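Below, each chain spelled out in residue letters.
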Amino acid sequence: MRHTFFCIDGHTAGNPVRLVAGGAPLLKGATMSERRQDFMARFDWIRTGLCFEPRGHDMMSGGFLYPPTREDCDVGILFIETSGCLPMCGHGTIGMVTFGLEHGLIRPSSPGKLRVEVPAGVIEIDYKTEGDKVTSVKIRNVPSFLAAQGIRIDVPDFGPLSIDVAYGGNFYAIIEPQGAYKSLDDLGASRIVNLSREIRQLVRAAYEPVHPENDTIRGVSHILWADAPKGEGADGRNAVFYGEKAIDRSPCGTGTSARLAHLAATGRLVKGDAFVHESYICSRFIGRVEDEVMLGDQKAIVPSIEGSAIATGFNTIWIDRADTFWQGFHV
Ligand code: PYC
């Protein structure tokens, strides 16, 4: 039995985005969060088949557009990635909104603006165009907050680390330079990947964050190594690890949101401040602390992230159950 998926492939600040424009399964659920649960229970093979080898690779990421479940939104997005089915993805949203608008798959109710329902909540988009191209997408993200500070772990053959955990649509373990961690360039990509896998295990054993308003959003999935900027005009650089072997090529939208919340909660940013964030490959997002809010009794900020994406082509992908690797594999 062959399943056909029509995709628009591209990238946001270097990280891949695969918008699955044809072939999305019908999902059950009264919200995008419930549809995410349904997708994970019944259709995870679509995620693994489209994201893992041989049809994808370690960094593959993307998603589907759905009609929203709420009347006050223009579109719903469900994210897929090698790391799972994320509650929110910033680089993915910038890419899918760009490709969706450029190809007439998203029709905004007011020009230059969108309200998007994602599993983590509702996000607001302001976008700019030149001719038929979308040149910039700014996301006003879900409330983001510092969840825990000073988690102490001992990493074999590396040493002790003190880790903070912040939420920006996913939970991030944030590592600032300390002890044996001097800088990203001092560690290098393969060390970052290997250490991140170990650190994620150690942090998970010590602490499990749970979102105060949605307990399906829980657990540290991604690791953000923070560093000083490399280029002129930037305020910080990161390497965000996800899945089993990926370093985000973009500055990571939810990672940047988590970092903004972390910096605001520790008195290093205030409402109105901008923060230009560089990725491992030095591509950029502009982050900003838009507002300070309460999430129950949790102090939070509303961050925004701005960037742009490029479509690289159409891709019609078959998943044939006669293929041994129809569900994909990773090594
Ligand atoms: O941009 O939010 C993001 C993201 C999450 C994982 C990879 N990128």
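Here the structure is a predicted model, which means the values were calculated and not measured.

The number of helices and strands found in the chain is six helices and 17 strands. Burial status across the chain gives 50% buried among its 331 residues. The long-range fraction of contacts in the chain, counting pairs at least 24 apart against all pairs at least 6 apart in sequence, stands at 65%.

A few words now on the site of the ligand. Neighbouring residues of the ligand: Ser61, Cys89, Gly90, His91, Tyr242, Asp248, Ser250, Cys252, Gly253 and Thr254. Every element with two or more residues in the shell around the ligand is listed here: α3 (90-102) and α6 (253-265). Within the shell around the ligand, the residues separate by chemical class into three nonpolar, six polar and one charged.

Now for unusual backbone geometry. It is generally the case that most residues other than glycine have a negative phi and that most peptide bonds are trans. A cis amide bond links glutamate 53 to the next residue, proline 54, at an omega of 5°. Within the secondary structure, proline 54 sits in the loop between α2 (44-51) and β3 (61-66).

Turning our eyes to something else, we now look at helix α5 (residues 189-206). For α5, spanning 18 residues, the distance from its first C-alpha to its last is 25 Å, which sits close to the expected 26 Å at 1.5 Å a residue. Of all the residues in α5, the buried ones are Ile192, Leu195, Ser196, Ile199 and Val203.

Now for the packing of α3 against α6. Where α3 meets α6, the closest approach of the two axes is 5 Å, and the angle between their N-to-C directions is 130°. Between α3 and α6, the angle is such that the two are oblique. Contacts from Gly90, His91, Thr93 and Ile94 of α3 reach α6 at Gly253, Thr254, Thr256 and Ser257. Classifying every residue of the contact of α3 with α6 gives one nonpolar, seven polar and no charged.

So, on to the confidence of the model for the chain. Considering every residue of the chain, the mean pLDDT works out to 98; 100% of them sit at 70 or more. Interface predicted TM-score (ipTM) for the complex: 0.99; the corresponding pTM is 0.98.

Before going further, it helps to spend a moment on the nonpolar core. Judged by nonpolar contacts, the single largest core of 94 residues is most densely connected at Val97, Ala166, Ala173, Ile174, Ile175 and Ala261. Setting aside residues no more than four positions away along its own chain, isoleucine 175 makes contact with Leu161, Ile163, Tyr181, Ile223, Trp225 and Ala226.

The residue glutamine 327 is located in the segment after β17 (309-320) in this model. A C-alpha to C-alpha distance of 9.6 Å links glutamine 327 and arginine 55, two positions 272 residues apart in sequence.

What follows covers the environment of glycine 287. As for its placement among the helices and strands, glycine 287 is situated in strand β15 (residues 284-295). Spatially, the C-alpha atom of glycine 287 lies 10 Å from that of threonine 254, the residues being 33 residues apart in sequence. Those residues in contact with glycine 287, other than ones at most four positions away along the chain, are Thr256, Leu260, Ala274, Phe275, His277, Pro303, Ser304 and Ile305.

So, on to the pairing of strand β4 (residues 75-81). Most of β4 is tucked away, with seven of its seven residues classed as buried. Covered by surrounding structure in β4 are Val75, Ile77, Phe79 and Glu81 together with Gly76, Leu78 and Ile80, the residues of both alternating faces. Here β3 runs beside β4; their pairing, made up of six bridges, is antiparallel. Paired with phenylalanine 64 across the two strands is leucine 78, which belongs to β4. Of the strand pairs in this sheet, β4 and strand β5 (residues 113-118) are connected by two bridges, and their pairing is parallel. Pairing of glycine 76 across the sheet is with glutamate 117, part of β5.

So, about α6. Between its terminal C-alpha atoms α6 stretches 18 Å, which fits the 18 Å expected from 13 residues at 1.5 Å a residue. In terms of burial, α6 is largely enclosed, as 12 of its 13 residues are buried. Where α6 terminates, the next one or two residues include glycine 267, which has phi positive at roughly 75°.

The next thing to look at is the environment of aspartate 323. Tracing the sequence through the fold places aspartate 323 in the segment after β17. What makes aspartate 323 partly exposed here is the crowd of 14 C-beta atoms within 10 Å.

About the thresholds
- Residues numbered from 1 in each chain as written.
- Predicted model: local features only at pLDDT ≥ 70, side-chain atom pairs only at ≥ 80, totals over all residues.
- Helix = DSSP H or I, 4+ residues; strand = E, 2+ residues; numbered from the N terminus.
- Buried ≥ 20, exposed ≤ 12 C-beta atoms within 10 Å, placed from the backbone.
- Contact = placed C-beta atoms within 7 Å.
- Near = placed C-beta within 6 Å.
- Nonpolar A, V, L, I, M, F, W, Y, C, P; charged D, E, K, R; others polar.
- Expected span 1.5 Å × (residues − 1).
- Axes fitted to C-alpha atoms, helices over the stretch in contact; angles between N-to-C directions.
- Parallel < 35°, antiparallel > 145°, perpendicular 65-115°, else oblique.
- pLDDT = per-residue confidence, 0-100.
- Core = buried A, V, L, I, M, F, W, Y, C linked by C-beta atoms within 7 Å.
- Pairing = 2+ DSSP bridges.

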